[in-house]
Every structure is written in C-alpha cells, then in structure tokens.
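Fold and geometry: a report
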Amino acid sequence: MSSAWDSTDKDPENAAFEGNVRYTGIEDFTLFVGGATEKYTDRDQMLANIWASYALGDLLLAGEINLVDDWEADGNEGFGWLLMANYGITDKLGITLRTSALNVEDTAGADVTDLQKFTIAPSYVLTDNLSFVLEFNSLKDSVVDDTYNTVAFETIVTF
C-alpha cells in the first residue's frame, strides 16, 4: 500500500507493508499479532502490535502492547500498552474502562512522547440497531506537563 499511516499519501515509490495473524482456537479468547512498516526518505518507521481479549460472561477483558521504531524520526523508539474492561450491566446498559500509555524516546534518551490516558465510557442500547456511548477521556502529556479532558457522545448504528 502507499502508506500505513497517511491515507492521503498516494505515492507508490515508498511502499508500506502491513500484516497480521489472529488466533481464535480457544473459546472466548482472541490473540492478534500484527505489524506495519513504511519507508521514508530518512527512516523505516515500524509498529509491532500484540493484542489479546478474553470474555467471561458479561465481562470482556483486553490488553495490548505496541513497540515502535524510528517513530516520526530516525532513532526514536517506544513502547505502549492498553488495558480495557467492558462490562454488560444489563442487556441495555454497559460500561467500559480503559487505560493506556505511550512513551517514545529519541536517541539521547529524552522523551519525545509520554502520554497516559484514562477512559470511562457508559453505553446504552436503545434498539438492536441503535446504541449510544458517552465517553470521558483524561490524557496526561508529561512532555508538555499538561492534562487534556474531553467528552464525546457517540451514536452507533448497525445494519
């Protein structure tokens, strides 16, 4: 493909490659391993991802690990993670709790990115095809020493 991260990039000269494998051979368990790499003029940016989930009745637990190399600049390396729990309180009401972090350092060991995020998202199913999510996010950016809080209201239509 033309680019792994920029959907507006149509130049085939610096091709990107992406692949993944998913395992679902154990009931209620999913394991996903994937990665992407893209050649830029000054670097070969890479992301490796491992993701797993396990369902325990009305509770879904998930975790993710990300490794990045040459991330946005030559020599930048990083590590990210995510933990998530989604619980169906009733047939119509649910809640998702999620926390994640990403740390990327330059070749001198200085933080380029140091993010920590917490999310709480209650959800409500109105009909078989319509549900709503109210999402609260708190993102701490330690590089600029600031915290950003956001609220989002999502409507999900399925058919």
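Calculation criteria
Residues numbered from 1 in each chain as written. Predicted model: local features only at pLDDT ≥ 70, side-chain atom pairs only at ≥ 80, totals over all residues. Heavy atoms only, no water. Pairing = 2+ DSSP bridges. Helix = DSSP H or I, 4+ residues; strand = E, 2+ residues; numbered from the N terminus. Buried < 20%, exposed > 50% of the residue type's maximum accessible area, 1.4 Å probe, protein only. Contact = heavy atoms within 4.5 Å.

1. Description of the pairing of strand β3 (residues 44–56)
In this sheet, β3 lies alongside strand β2 (residues 29–39) in antiparallel orientation, the contact comprising eleven bridges. Within β3, the residue paired with F32 across the bridge is W51. The turn joining β2 and β3, which pair antiparallel and follow one another in sequence, is formed by four residues. Between β3 and strand β4 (residues 59–69), which pair antiparallel one after the other, the connecting turn spans two residues, and G57 there sits at a positive phi close to 65°.

2. A few points about the side chain of S53
Positionally, S53 belongs in strand β3. Taking relative accessible area as the criterion, S53 reaches 8% and is therefore assigned buried. Discounting chain neighbours no more than four positions away, the residues touching S53 are D28, F29, T30, L60, L61 and A62.

3. Focus: the environment of I65
Looking at where I65 falls in the secondary structure, it is placed in strand β4. For the pair I65 and V33, spaced 32 residues apart in sequence, the C-alpha separation works out to 9.7 Å. Apart from residues lying up to four places away in sequence, I65 is in contact with A48, N49, I50, F79, G80 and W81.

4. Describing unusual backbone geometry
Both trends apply: most residues other than glycine have a negative phi, and most peptide bonds are in trans. Not every positive phi belongs to a glycine, and D70 is a case in point at roughly 55°. The phi torsion at D145 lies on the positive side, around 55°, for a residue other than glycine. In this fold, D145 is placed in the loop between β8 (130–141) and β9 (146–157). The exposure class of D145 is exposed, given its relative accessible area of 60%.

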